[in-house]
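Tertiary structure, described
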Amino acid sequence: MKKILFYVILPLFFSQLIWAQEYTKEESFWNAFFVDYPLTDKLSLRSEFHFRTVDYFKVWNQQIFRPQLTYTDTNKIKWTAGYSYLRNFNSEITADPRIRNEHNLWEQVLYTLPLKKGAFSTWIRLEHRFQEALPLQQDRSQRSFDFSSRIRFRFTYERPLSNAEAKIPVNFIFYDEIFTLMNPKGIPFKFNQNWTFFGFKVKLNSKTTLNTGFQKNTLFKGTDQYLKTRLWNTILFYKI
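Everything numeric here is computed off the predicted structure, so don't read it as measured data.

Here we look at the overall build of the protein chain
Within the protein chain, the regular secondary structure consists of 1 helix and 11 strands. Relative to a compact globule of 240 residues, whose C-alpha radius of gyration would be 18 Å, the protein chain shows 19 Å and is just as compact. Each principal axis of the C-alpha atoms in the protein chain carries an extent, and together these give about 55 × 40 × 40 Å. Per-residue burial over the protein chain gives 40% buried out of 240 residues. Of the contacts formed within the protein chain by residues at least 6 apart in sequence, a portion of 48% connects residues at least 24 apart.

This is the structure in structure tokens:
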């Protein structure tokens, strides 16, 4: 119980730190397609394809391709390693060049605590990021990459809303995720962003699941400056 209270209070603590700051706001849609391919009972592959826009569907914000390999050593713990390729778009659509590429390698551990109804889960992800150095050069051969690391912590609560016999089961999902930048010594030292999501998980059939809901992101931009994004986030999972 003490661990559960800690995971509930931690996101609220970070929220308190940023309430009184200055914000700019934007509206957004995030859509993604996840493909899962089991290799064995314990080993599986996943590929993620993310398509993110701002000003609703008008302006590109980000495109992500994220393959990964997961090992399940018990029913409660999963170990994952993966690679992400990101195309990050400058918010100024007239910027030239506008796209900043990023490559990152990451490791993650996920722990799930089953409940009588639903489950709590937490995961910690360590990202090693190679981002194109700013300002971006027109000539790609002259571009270089900066290296940095970041830790992401997510707490999730899931609870069934439909009967166990329902033809299309529906669950409620809530999660809060905190991003923290790390210094060159590998020590977390600066708040980066926070994601809060609540929505629904709908199992359409044995192979296809849909997650959809509202999400609010708060991104640190500089001293007392934050970007607040309100978006609708939809992910379609397909199991081969």
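Still more to cover.
Side note on the side chain of Arg152
With respect to the helices, strands and loops of the structure, Arg152 is situated in strand S7 (residues 145–160). Side-chain polar atoms of Arg152 contact the side chain of Glu127, separated by 2.9 Å. Discounting residues that sit within four places of it in the chain, Arg152 has contacts with Arg66, Trp123, Ile124, Arg125, Glu127, Glu177, Ile178, Phe179 and Trp195.

What about the pairing of S7?
Of the pairings in the sheet, the one linking strand S6 (residues 119–132) to S7 comprises 14 bridges and is antiparallel in character. Note on S7: the bridge partner recorded for Ser121 is Thr156.

What to know about the confidence of the model for the protein chain
Here the protein chain averages 90 in pLDDT, and 90% of its residues register 70 or above. This model gives residues 1–10 a pLDDT under 50, and the stretch forms 8 contacts once residues within four places in sequence are excluded.

Here is what the cut-offs are and how they apply
- Residues numbered from 1 in each chain as written.
- Predicted model: local features only at pLDDT ≥ 70, side-chain atom pairs only at ≥ 80, totals over all residues.
- Heavy atoms only, no water.
- Helix = DSSP H or I, 4+ residues; strand = E, 2+ residues; numbered from the N terminus.
- Rg over C-alpha atoms; globule rule 2.2 N^0.38 Å.
- Buried < 20%, exposed > 50% of the residue type's maximum accessible area, 1.4 Å probe, protein only.
- Contact = heavy atoms within 4.5 Å.
- Polar contact = N/O pair within 3.5 Å; in protein donor to acceptor, adjacent residues only side chain to side chain.
- Pairing = 2+ DSSP bridges.
- pLDDT = per-residue confidence, 0-100.

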